[in-house]
Amino acid sequence: MSVPVASSEMDNGIAKTVYAFPVILALLIVTWMMWFLKYRNEKRRIYELMATVKQPPSCYPIFGHSLNFVGTPTYAFQKITEYFFNYGPNFGIWFGNMPLVVIGKPEDLETVLMSQHCVSKSYFYKFTGIVVGEGLFSAPAHKWRRNRKLIQPTFNSRILDHFVQIFGNTSSICVNEILPKYINKRNIEWYNIFTSVNLDTISQTAMGINTDAQRIQIPFSKHLEIAMKAVYLRFVTIYYHLDFIFNRTSLCKELRASAKYIDGFTDKVIKEKKAEFNEKLKDSEQEVSTFDEAPIKRKVFLEMLLEIDHKGMKFTDKELRDEVKTFFVGGTDTSAVTTCFFLSMMGMHQEIQQQVYEEIMEVVGEERTPEPEDLPKFQLLERCIKETCRLFSPAPFVSRKVKGKDVTLSEFTLPVGTTLLLPIFYVHRCADYWDEPLKFKPERFRPEEVAKRHPYTFLPFSAGLRGCVGMRYSYMNMKTLLSMILRKYKVYCDYKSIEEIKVKNYVVLRPIDGFKFHIQERK
Ligand code: HEM
């Protein structure tokens, strides 16, 4: 008797499925159509905006303006910079079929960088994924919001003050053990030397591990440079955006090999720290210590991530690796390049170098390692670091995407979906905001001069909601290292003017012909 019942239930089931299928299909079609109409509407509004803003000539079908960048990376950088100076501060370019709105007006930069609707990174950042994954730098907005809140406190002032001793120790290795090998020598790989100093500093301060990169001479800096170059070439070469083309190039092979090295290096650090963390955890369970209850904000960055993970807010291995890699990459490359440009500027401006030397002698003298309270007293040194960052902004551009809501600027409104390019390099060298922009004038950063300018004319660390989390860290670290270098060595530079230093952009700015300074020991 049960068979007919089962059969009728089955018939019912089939009938339900038969009726449900067209309903689901209709819903899917309606959803897709709504999405498509919204997408087309967004595109239409962006195209309308592009029609109203200034645009350089030579825009070709399919390729847009991108054909004008084809050539060496140097040429591409020069071309983009030329566009800024001819069409800026705000204008539009077509990168293939992608419209890019360039925002160089300080008032508008402030609006963009302070807007919750501009915290999403643009399409270009996906190419950095192989190097830094989805760490803080490239994370999508929802993930970034959570992680920024967690990470920011590990760089608060009290913690930074504790780091000064480590800055002093790693700087001392550089000054007393590494630099003596290069006295009076030319053609030195300065970038590698200073990347290693910064790697030691960041690994001790943020990870609580000593990599001893300066003494062991690990190839981290070499791989970082290869990876950054490959990522940048991919950005600017439009056909490299297609995986099936890029994956077949030798550049891709080099990028993968370097990214693999950086991953391996990071995994080793995490493994070591995890083992130490688990040991401490065991001890704390036995000794009822306060380890688990210690406030998270007192721990270094990696300890804090491990502790959060342990307390249940899980980070996958990949998430952990991405965050750590981001700090290794973000904290070393930019700082190394800034150190090298700074020393070039000191070599080129001997009088200013002498004044900085006198300031250092006044604050700490010949021997004493700087302490936290000394650092604010290095005022001229700080102005010189800032003037270096203005002329040679380590991050020449950043990019964003408008999401969630339109953003209104001084002259037009950015519709949702617009990709933005923020040309920091251009703003820093623009004669509208800086008199004699190609002159090294640290006095521009005296408080009374700063007060005369719009704050968004100086953006080496970007600014606003998604500005650099390591800005104060960097100033403190650079002041410690540079004061210790300059009191022991005199720097000379073979470049005679700023115009002579031609630059290229491998995500981070570099001189095309290398850093041409040399050091002599002060007697
Ligand atoms: C001279 C040194 C440095 C410069 C010029 C610099 C510059 C920048 C810039 C321009 C950005 C914004 C990037 C963008 O929006 O695309 C940024 C973001 C970032 N920087 Fe730095 N940086 C420096 C040093 C450091 C250091 C030492 C650390 C680590 C301690 C660090 C960690 C980060 C992180 C994690 C981000 C992503 C922030 C976020 O999206 O919330 N940076 N940096």
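For the structure, check the block above.
What this report covers is the structure whose coordinates are included nearby. Here, residues in each chain are numbered from 1, in the same order as that chain's written sequence. Since the coordinates come from a predicted model, pLDDT governs what is reported: local features require at least 70, and pairs of side-chain atoms require 80 or more to be given and counted, while whole-chain, interface and lining totals use all residues.

Our focus in this paragraph is helix α18 (residues 471–488). A run of H or I in DSSP counts as a helix once it spans at least four residues, and a run of E counts as a strand once it spans at least two, with each numbered from the N terminus. To estimate the expected span of a helix, count its residues, drop one, and scale the result by 1.5 Å. Taking 1.5 Å of rise per residue, 18 residues should cover 26 Å, and α18 covers 26 Å from first to last C-alpha, within 8% of that figure. Three exposure classes are used. Buried residues have 20 or more other C-beta atoms within 10 Å of their own C-beta, exposed residues have 12 or fewer, and partly exposed residues fall in between, all C-beta atoms being placed from the backbone. Most of α18 is tucked away: 15 of the 18 residues are buried.

Here we come to the nonpolar core. Buried Ala, Val, Leu, Ile, Met, Phe, Trp, Tyr and Cys residues whose C-beta atoms connect them within 7 Å together make up a nonpolar core. Among the nonpolar cores identified, the biggest contains 126 residues, and Ala227, Val231, Cys340 and Leu422 are the most heavily contacted of them. A total of 14 residues in this core trace back to one element, the largest contributor, which is helix α13 (residues 317–348).

Here we come to the pairing of strand β1 (residues 90–95). Note on pairing: DSSP must find at least two bridges between two strands before they are called paired. Inspection of the sheet shows β1 paired to strand β2 (residues 98–103) by six bridges, in the antiparallel sense. Counted as the bridge partner of Gly92 is Val101 from β2. Taken together, β1 and the strand that follows it, β2, pair antiparallel across an intervening segment of two residues, in which Gly96 is found at a positive phi of about 65°.

Near, as applied to residues and a molecule or strand, means the residue's backbone-placed C-beta atom lies within 6 Å of it. Taken together, 25 residues surround the ligand, and among them Gly330, Gly331, Thr334, Cys468 and Gly470 come closest. Elements supplying a minimum of two residues to the shell around the ligand: α5 (141–151), α7 (190–206), α13 and α18. It is α13 that provides the largest number of residues to the shell around the ligand, a total of seven residues. Lys, Arg, Asp and Glu make up the charged group, whereas Ala, Val, Leu, Ile, Met, Phe, Trp, Tyr, Cys and Pro make up the nonpolar group; the residues left over, Gly among them, are polar. Looking at the shell around the ligand, its residues break down into 14 nonpolar, nine polar and two charged.

On the secondary structure map, Ser410 appears in the loop between β5 (407–408) and β6 (413–414). On the neighbour-count criterion, Ser410 (9 C-beta atoms within 10 Å) is exposed. Distance from Ser410 to Ala230, taken between C-alpha atoms, is 36 Å for residues 180 residues apart in sequence. By definition, residues are in contact whenever their C-beta atoms, placed on the basis of the backbone, come within 7 Å of each other. When neighbours within four sequence positions are excluded, Ser410 is seen to be in contact with Lys105, Glu107 and Asp108.

Purely geometric stuff here, so don't read any function into it on its own.
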